[in-house]
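Spelled out, the chains give:
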Amino acid sequence: RSELQRALGLDELRLLNDTGLTVDNVDVMYDIWVYNDQPRANVLNFAYSTDGINFTDVPLLDFTSDEAAAASPAWEMVNRATSLSGLGLANGQFLYLRWILDDATGSSNRDEFAIDNIMVTNVAQIPEPVSLGLLALASVTLVQRRRRVT
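### Overview of the nonpolar core
Proteins that are soluble and globular tend to have nonpolar side chains buried together.
Right, so step 1: Formed by 19 residues in total, the largest nonpolar core has its most connected members in Phe46, Tyr48, Leu84 and Leu97.
Right, so step 2: In terms of residue count, strand β2 (residues 26-35) provides more of this core than any other element does, 5 residues in total.
Right, so step 3: Leaving out residues up to four positions away in the same chain, Leu97 has contacts with Asp11, Glu12, Leu13, Leu15, Val28, Phe46, Ala47, Tyr48, Leu84 and Val120.

Next up, the structure:
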């Protein structure tokens, strides 16, 4: 990360598609750990990109800590999960996941945040029934040709 990214509270994960196929859908899951010991609310937002330049925000994954400091601060975990679809991520192309930490309300010092247990799973496409039928027809044709040759 650059100094500017650290100052902005920006963390980015770059993942390479080396499946040999185009990836259209992935499931993303992770845990947010928060230590709410300061009188300031902070927001952690998630976005993704397939080119590293244009990012798509996913408001469903936004998390905001409480402005009031906890009476007995302790690390607390919050789970986040979503499915990203329509990616069209070609083999050899990267998927970029970005978390942005910013101030929401209050003043003074900030709460502590950590991101843990990041899991990104390629969701395989299930062939349509027509495609399965064509595949079965091709298999039958291949078996019949082998029987005639032998």
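### Overview of unusual backbone geometry
Right, so step 1: With a phi close to 55 degrees, Asn117 is a non-glycine residue in the positive phi region.
Right, so step 2: On the secondary structure map, Asn117 appears in strand β8 (residues 112-122).

### Observations concerning the pairing of β2
Right, so step 1: Judged from the 10 bridges that link them, β2 and strand β6 (residues 75-84) form a sheet pairing that is antiparallel. The residue bridging Asp31 from the neighbouring strand is Asn79, located in β6.

### Brief notes about the side chain of Asn36
Right, so step 1: Residue placement: Asn36 occurs in the loop between β2 and β3 (40-49).
Right, so step 2: For Asn36, the side chain forms a polar contact with the main-chain oxygen of Ala68, separated by 3.1 Å.
Right, so step 3: Excluding residues within four positions of it along the chain, Asn36 makes contact with Asp66, Ala68, Ala69, Ala70, Pro73 and Asp111.

### Remarks on the confidence of the model for the chain
Right, so step 1: The predicted model of the chain averages 79 in pLDDT, with 75% of residues at 70 or higher.
Right, so step 2: Scored below 50 in pLDDT, residues 1-8 shows 6 contacts in the model against residues more than four places distant or in partner chains.
Right, so step 3: Within the model, the stretch residues 127-150 combines pLDDT values under 50 with 1 contact to residues more than four positions away or in other chains.

Procedures and definitions
- Residues numbered from 1 in each chain as written.
- Predicted model: local features only at pLDDT ≥ 70, side-chain atom pairs only at ≥ 80, totals over all residues.
- Heavy atoms only, no water.
- Core = buried A, V, L, I, M, F, W, Y, C linked by side-chain atoms within 4.5 Å.
- Buried < 20%, exposed > 50% of the residue type's maximum accessible area, 1.4 Å probe, protein only.
- Helix = DSSP H or I, 4+ residues; strand = E, 2+ residues; numbered from the N terminus.
- Contact = heavy atoms within 4.5 Å.
- Pairing = 2+ DSSP bridges.
- Polar contact = N/O pair within 3.5 Å; in protein donor to acceptor, adjacent residues only side chain to side chain.
- pLDDT = per-residue confidence, 0-100.

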